[in-house]
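Here's the letter readout for the chains.
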Amino acid sequence: MKGLVLLLGLAAVAALAVGGGDALQQPVVPAVFVLGDSTLDVGNNNHLPGEGVPRANTPFYGVDFPGGPKATGQFSNGYNIADFIASRVREKPFGLSGAQITELPHPQRSHQRRELASAGAGILDSTNAGDNIPLSKQVRYFASTKAEMEAAWGTHRVSAHLANSFLLGIGSNDMFQTKPKSTAEVAALYATLVSNYSTAITDLYGLGARKFGIINVGPVGCVPRVRVLNATGACNDALNLYAVGLAAAVKSALAGLAPKLPGFAYSLADSFAASQASFTDPQSVGFVSSDSACCGSGRLGAESLCMKNVTLCPNRDTYAFWDSVHPTQRAAELVAQGVFDGPTQLTTPINFKQLAHKRY
Ligand SMILES: *[C@@H]1O[C@H](CO)[C@@H](O)[C@H](O)[C@H]1NC(C)=O
Ligand SMILES: *[C@@H]1O[C@H](CO)[C@@H](O)[C@H](O)[C@H]1NC(C)=O
Ligand SMILES: *[C@@H]1O[C@H](CO)[C@@H](O)[C@H](O)[C@H]1NC(C)=O
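Just so you know, these numbers come straight off a predicted model, no measurement behind them.

What is the right way to look at the overall build of the protein chain in this model?
Of regular secondary structure, the protein chain possesses 11 helices and eight strands. For the protein chain, the proportion of its 360 residues judged to be buried stands at 59%. A separation threshold of at least 6 residues defines the contact pool for the protein chain, and within that pool the share at least 24 residues apart is 74%. For the protein chain, the accessible surface area stands at approximately 14100 Å², while carbon and sulfur atoms represent 54% of it.

Take a look at the structure:
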């Protein structure tokens, strides 16, 4: 579980008709392409070899999964942010179908999603190298998936669906892993991160993606695993500032990229703003704790991993953090609601709902 964080998965949501044999004939609902890190991984890492690969495939992960506890690989007590956003997108399937999907699918069985996200992944190939599928490789997997779909349904049909919608976000693992020692190193890292991120987005655009919902990097210095290193349990301000700088650089890069890519549209979620209430006024959003892991042990629940022999917090919905790095299902839902329907200060230049309703 190296460097996995709440607020920066990279998910790509595409209005694609995908599915089993029968679905090949008839598009049903838009599909969701998800690229990113552990905030969005629904089990890809379960299939990666290696001891160091972070996996959420043992109890108590998934303890609140609908239909009974099931450790699917999601780093949550239940659904993650991608699940909530995907379910919202599919409520309004871009006019492709009259189907109204109101219940969340079981991610492992869903034919409407293509999951490429991988826990521990970063914008840089070097981030937790060898123990995840880095962003650049996720983009290559997307290209293969697209080729398979084209073989099945034809180029025209696939491109029409691809143009509809994408959702992305990644970077917290890069924040955890890179340890710049000077302002010059910080500046150099921002430049590399933004350049590589822009390349990934431009490559997806080149493959036909047009609408991008992007979850920007958030308060990585406030996760229990980082707080526990401070005697007072305070957030690591330096780490948060490092992330604030990356978030700003990504924001300006996207504003610069958009005019160069005809038809490109995006919504960038400000994860600092979207989670601010959880940290400054936890009670206002129904949390009794926003500094401790529900599943863990020791100080702040952050002195052990989330595993079967620890004591869970009694009410998961009252905790912001599920384990020492990842949000609870409830915290994920709040963030997803905020960026989807939320006020303009949570997203730039439009919210995810407005993005989802854009037509091409
Ligand atoms: C990122 O940027 C560096 C430096 O420009 C480059 O060497 C590397 O290939 C890029 N791509 C990835 C995915 O790390
Ligand atoms: C712990 O956090 C406080 C408050 O942010 C800060 O002043 C202090 O320097 C931190 N201690 C360490 C060891 O980082
Ligand atoms: C749980 O089990 C692990 C070994 O599997 C052990 O290292 C850890 O200390 C145990 N935690 C508790 C709270 O008993």
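Here the narrative resumes.
Can you walk me through the site of ligand 2 in this structure?
Around ligand 2, the structure places Asn-230, Thr-232, Ala-234 and Asp-237. The separation between an oxygen atom of ligand 2 and a polar side-chain atom of Asn-230 is 2.2 Å. When ligand 2 is considered free in solution it has 360 Å² of accessible area, and contact with the protein chains removes 31% of it. Across the shell around ligand 2, the residue classes tally to one nonpolar, two polar and one charged.

Can you help me understand the state of the cysteines in this one?
In a disulfide, the sulfur atoms of two cysteines are covalently bonded to one another. Applying the stated rule across the entire model yields three disulfides. A disulfide bridge connects Cys-294 with Cys-313, and the sulfur atoms are separated by 2.1 Å. Note on the Cys-294 and Cys-313 pair: the S-S dihedral is about -90°, so by sign convention the disulfide is left-handed. With Cys-294 in the loop between β6 (289-293) and β7 (319-321) and Cys-313 in the loop between β6 and β7, this residue pair connects regions lying 19 residues apart in the sequence. Disulfide pairing is shown between Cys-295 and Cys-306; the S-S distance is 2.1 Å. Residues Cys-295 and Cys-306 are joined through a disulfide that is right-handed, its torsion about the S-S bond being 85°.

Even after reading the chapter, I still don't get helix α3 (residues 135-153), so can you show me in this structure?
Two residues of an α-helix separated by three or four positions point the same way, owing to the 3.6 residues in each turn. Taking 1.5 Å per residue as the helical rise, α3 with its 19 residues ought to reach 27 Å, and the 26 Å between its terminal C-alpha atoms agrees with that figure. What α3 keeps buried is the set Leu-135, Gln-138, Val-139, Phe-142, Thr-145, Lys-146, Met-149 and Trp-153. Projected onto a plane normal to the axis of α3, the buried residues spread over an arc of 115° and lie on a single side. Residues of α3 that are exposed and point more than 90 degrees away from the buried face comprise Arg-140, Glu-148 and Ala-151. Note on α3: the residue one or two positions beyond its end, Gly-154, has a positive phi of about 95°.

So what exactly am I meant to see when it comes to the packing of α3 against helix α6 (residues 183-206) here?
Packed helix pairs are characterised by how far apart their axes lie and by the angle those axes make with each other. In contact at an axis separation of 10 Å, α3 and α6 are set at 5° when each is read in the N-to-C sense. One element, α3, and the other, α6, form an angle in the roughly parallel class. Here Leu-135, Val-139 and Phe-142 of α3 lie close against α6, whose contacting residues are Tyr-197, Ala-200, Asp-203 and Leu-204. Taken together, the residues of the contact of α3 with α6 break down into six nonpolar, no polar and one charged.

How should the pattern of salt bridges be read in this particular structure?
Pairing between side chains becomes possible if they bear opposite charge and their charged atoms approach one another. For the structure on display, the rule yields four salt bridges. Across the salt bridge formed by Arg-316 and Asp-64, the nearest N and O atoms sit 2.7 Å from each other. With Arg-316 in the loop between β6 and β7 and Asp-64 in the loop between β1 (32-34) and α2 (81-91), this pair connects stretches of sequence that are 252 residues apart. Residue class for Arg-316 comes out buried when judged on its relative accessible area of 17%. Exposure remark for Asp-64: the relative accessible area of 25% places this residue in the partly exposed category. Note that Asp-341 and Lys-353 form a salt bridge whose closest N and O atoms lie 3.6 Å from each other. Taken together, the residues Asp-341 in helix α10 (residues 329-341) and Lys-353 in helix α11 (residues 352-357) connect sequence positions 12 residues apart.

I tried to follow the side chain of Asn-44 on my own but got confused; where do I start?
Structurally, Asn-44 is set in the loop between β1 and α2. The class for Asn-44 is buried, based on a relative accessible area of 18%. Setting aside residues no more than four positions away along its own chain, Asn-44 makes contact with Glu-115, Leu-116, Ala-117 and Ile-133.

What should I look at first to understand the site of ligand 3 in this one?
Around ligand 3, the neighbouring residues are Ser-297, Met-307 and Asn-309. Asn-309 places a polar side-chain atom, nitrogen or oxygen, 2.3 Å from an oxygen atom of ligand 3. Burial of ligand 3 by the surrounding chains reaches 35%, relative to a free accessible area of 360 Å².

Got a minute to help me understand the nonpolar core in this structure?
Side chains of nonpolar character tend, in soluble globular proteins, to be buried together. Formed by 52 residues in total, the largest nonpolar core has its most connected members in Met-175, Tyr-197, Ile-201, Phe-212 and Phe-264. Within the residue set of this core, elements represented by two or more residues are α3, α4 (155-162), α5 (172-177), α6, β4 (211-215), α8 (237-257), β5 (265-269) and β7. Of all hydrophobic cores here, the second largest spans 21 residues; its members include Ile-81, Val-89, Ala-117 and Phe-340.

Please clarify how α6 should be interpreted in this entry.
Its 24 residues place the ends of α6 34 Å apart at the C-alpha level, agreeing with the 34 Å of an ideal helix rising 1.5 Å per residue. Buried within α6 we find Leu-189, Tyr-190, Leu-193, Val-194, Tyr-197, Ser-198, Ala-200, Ile-201, Leu-204 and Tyr-205. Looking at the residues trailing α6, positive phi occurs at Gly-208, about 115°.

The rules behind the values
- Residues numbered from 1 in each chain as written.
- Chains lettered and ligands numbered in written order.
- Predicted model: local features only at pLDDT ≥ 70, side-chain atom pairs only at ≥ 80, totals over all residues.
- Heavy atoms only, no water.
- Helix = DSSP H or I, 4+ residues; strand = E, 2+ residues; numbered from the N terminus.
- Buried < 20%, exposed > 50% of the residue type's maximum accessible area, 1.4 Å probe, protein only.
- Contact = heavy atoms within 4.5 Å.
- Areas by Shrake-Rupley, 256 points an atom, 1.4 Å probe, with all protein chains shown as cover.
- Near = heavy atom within 4 Å.
- Polar contact = N/O pair within 3.5 Å; in protein donor to acceptor, adjacent residues only side chain to side chain.
- Nonpolar A, V, L, I, M, F, W, Y, C, P; charged D, E, K, R; others polar.
- Disulfide = S-S within 2.5 Å.
- Expected span 1.5 Å × (residues − 1).
- Arc of directions from axis to C-beta.
- Axes fitted to C-alpha atoms, helices over the stretch in contact; angles between N-to-C directions.
- Parallel < 35°, antiparallel > 145°, perpendicular 65-115°, else oblique.
- Salt bridge = Lys/Arg side-chain N within 4 Å of Asp/Glu carboxyl O.
- Core = buried A, V, L, I, M, F, W, Y, C linked by side-chain atoms within 4.5 Å.

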